[in-house]
Amino acid sequence: MQVRKSAPARALLAALLAVPQLANAFYLPGVAPTSYKPGEIVPLYVNAIRPTGGTESMLSSVISYDYYHKLLQLCQPPSGAKPVGESLGSILFGDRIMTSPFELHMKQNETCKTLCQTRYMSGATFFTNQRIKEAVSLNWLIDGLPAGQRLIDEMTDTEYYQPGFLLGQELADGTLIFNNHYDIIIDYHEVGGDPDELRVVGVRVQPESRKYTGPIGQDTCRNDLDPVILDEETKEGTEVTFTYSVYWYESPTVWATRWDKYLHVFDPKIHWFSLINSSFIVVFLVLTVMSILVRALKKDIARYNRLDQINLDDLSGTSVVEDGIQEDSGWKLVHGDVFRTPSHPLLLSVFLGNGAQLFVMTGCTIVFALLGFLSPSNRGSLGTIMVFLYTILGFVGGYTSSRVYKAFQGEQWKLNIILTPLLVPGIVFGVFFLLDLFLWAKESSGAVPFTTMLVIVLIWFIISVPLSFAGSWVGFRAPIIESPVRTNQIPRQIPPTTTYLRPIPSMLLVGLLPFGAIFVELFFIMSSIWFNKIYYMFGFLFLCYGLMIITCAAVTVLMVYFLLCAENYNWQWRAFLAAGTSAVYIFLNALIYWITKLSLSGFAGSVLYIGYSLLISFLFFILTGSIGFFSSWWFVRKIYASIKID
Ligand SMILES: *[C@@H]1O[C@H](CO)[C@@H](O)[C@H](O)[C@H]1NC(C)=O
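Thresholds, definitions, all that
- Residues numbered from 1 in each chain as written.
- Predicted model: local features only at pLDDT ≥ 70, side-chain atom pairs only at ≥ 80, totals over all residues.
- Heavy atoms only, no water.
- Buried < 20%, exposed > 50% of the residue type's maximum accessible area, 1.4 Å probe, protein only.
- Helix = DSSP H or I, 4+ residues; strand = E, 2+ residues; numbered from the N terminus.
- Pairing = 2+ DSSP bridges.
- Disulfide = S-S within 2.5 Å.
- 1 Å grid on protein atoms, 1.4 Å probe; cavity = no way out; pocket = protein on both sides within 12 Å on 5 of 7 lines; lining within 4 Å.
- Points joined across faces, edges and corners; volume = space filled by probe spheres on them.
- Nonpolar A, V, L, I, M, F, W, Y, C, P; charged D, E, K, R; others polar.

A. Structural context of the pairing of strand β6 (residues 136-142). Extensive coverage of β6 is indicated by the burial of 7 of its 7 residues. Pairing of strand β2 (residues 44-51) with β6, which is carried by 6 bridges, proceeds in the antiparallel orientation. Each residue of the ladder has a partner; that of Val46, found in β6, is Trp140. The pairing of β6 with strand β10 (residues 165-166) spans 2 bridges and is classified as antiparallel. Looking at β10, one finds that Leu138 is bridged to Phe165. Two elements, β6 and strand β7 (residues 145-146), share 2 bridges in a ladder whose sense is antiparallel. What sits directly across from Leu141, in β7, is Pro146. Hairpin connection from β6 to β7: 2 residues lie between these consecutive antiparallel strands, with Asp143 at a positive phi of about 55 degrees.

Listed below in structure tokens is the structure:
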């Protein structure tokens, strides 16, 4: 069958395909290239050691360690390792960058330089072997570029770099060999043919295990030596000499595209296919729902307004029996109750304020990312911008919360002002802090340092909270959002509803669709979080976010319509909870991921995984719940404003 695309569809497709190129055009603002002269020192920094999937791509741990963890005994600079300055986002996302003893001179090959010599005693041996079993990878940064392993994508037969390389290998027979030699292969590029302006454009490390028996020289520097095995049985420990070689190769790659090999998209065709597929389904669904809804509403409104007319005629004597029956059903009947204050208005308004804040933050972050401002070369820029935006947007949170609370005719306005910037961030920070204690007990580098925690608390209380107060103040001074119809004194009885409109079934139904819109992308985000992969598909993410918002709003509105037709006017919490239920699916998805992709051995690892998943799901709950509520609110105001009520 031949599929003919219409012109707008083709234009849209072209625009979407152009997004990645657009991002390339805006490459790396804020990061200036560094040029080196031949022989000049190129710094090599080391970062935290992270578990990777290894060959079976089953992750067995989520706990990362400092590069200079005392039991790993990796070589330190003679004067001691110093931390390298990092951004807040970089620290929050787990980077722990330190100086190293490697000496790389631009364009100078070296073979078998000795780094240091250490003896692994039984404790260190056990610890290191455990890490080899978890397939942890060492992460180096050379001129800001992560040292990678070269891999081949079998599907497209292209080569790409995976950041990090293994600490050791587990052989098929269970032997654990330890890598003590590193072949560092660096690509450099001459800028404009000037031999004095050289830039680093690619870094690979090939780790090897070599059991040296004598002094290191040209003749012993071979790769056919026996591997180093850290024996846990011997009393005197295992002596290990660390060495490295450096090879410089001229490369045609220019500096601006040096990240491309790291940003490898696995089979973009499948990605596009599933995305376009799901977006078609979503758009189709939403359009169908909307057209049915609009038609039904038009009919309802026309009928109600006609009834009014006839009722007026009634007074003059003619009686119409049929209309009396008709008026006994439908959403018009609850007009005196739809704008009744919901239960717990304080809590709902606080959630909604925070939801608005998250909504704007997520949107802005994705747009920034789409424009290429958050490229991975800007280490930690994603985390930094998120913290920054969340802080600044405290104003939006306070404003929204107070306006909603005022519309609910809430009276504890002081409590509203105080809880808005404290409740949700407090829960998030509390969980985060507890998880951090776990990491800290495990001596993991993932534990956020105390000073960083302090900085976060200070930012929260000195900038975000006052901004939220200011927002609340402006919000409370703004005129009240009037309901289009008056609320009756006495609440109506709510008749019993059909099964699918009961709270739990309706929540499960409504929550499923927004989750469906982001399901594909979620998988890639999860693997970038847990498998230490670089996420760079912000174009997809942007689309998915848009689709999710549309779906979330559409299904919630539909549910509210059915609810009102069934004369149930308690739509406020129902809309919030139903839309928020997509977070439950996100959490279930995380659990499935846990079962299928991870095989976490330790208790701490499982707690961390579940804890972070819960945290993310909670934020998602607030976000989607708010989208659902605000769209329903808009809808309810709209329909009740369009009918005449005597
Ligand atoms: C370094 O060694 C490699 C392999 O032996 C060679 O191809 C390359 O040209 C050398 N680079 C320099 C700058 O000498």
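That covers the picture; the talk isn't over yet.
B. Local environment of the state of the cysteines. Applying the stated rule across the entire model yields 1 disulfide. Disulfide pairing is shown between Cys75 and Cys116; the S-S distance is 1.9 Å. Its torsion about the S-S bond being -75 degrees, the disulfide of Cys75 and Cys116 is classed as left-handed. With Cys75 in the loop between β2 and α2 (88-92) and Cys116 in strand β5 (residues 110-120), the pair connects residues that are 41 residues apart, well separated along the chain. The burial state of Cys75 is the same as that of Cys116; both residues are buried.

C. Quick peek at empty space enclosed by the protein. In the structure shown here, the tally under the stated rule is 3 cavities of 30 Å³ or more. Computed from the structure, the second largest cavity encloses a volume of approximately 50 Å³. Surrounding the second largest cavity, Gln357, Tyr390, Gly394, Gly398, Thr420, Pro421, Pro425, Trp460, Ser464 and Ser468 form its lining. For the lining of the second largest cavity, the secondary structure elements donating two or more residues are α8 (394-407), α9 (413-441) and α10 (450-477). Of the residues that constitute the lining of the second largest cavity, the class distribution is 4 nonpolar, 6 polar and no charged.

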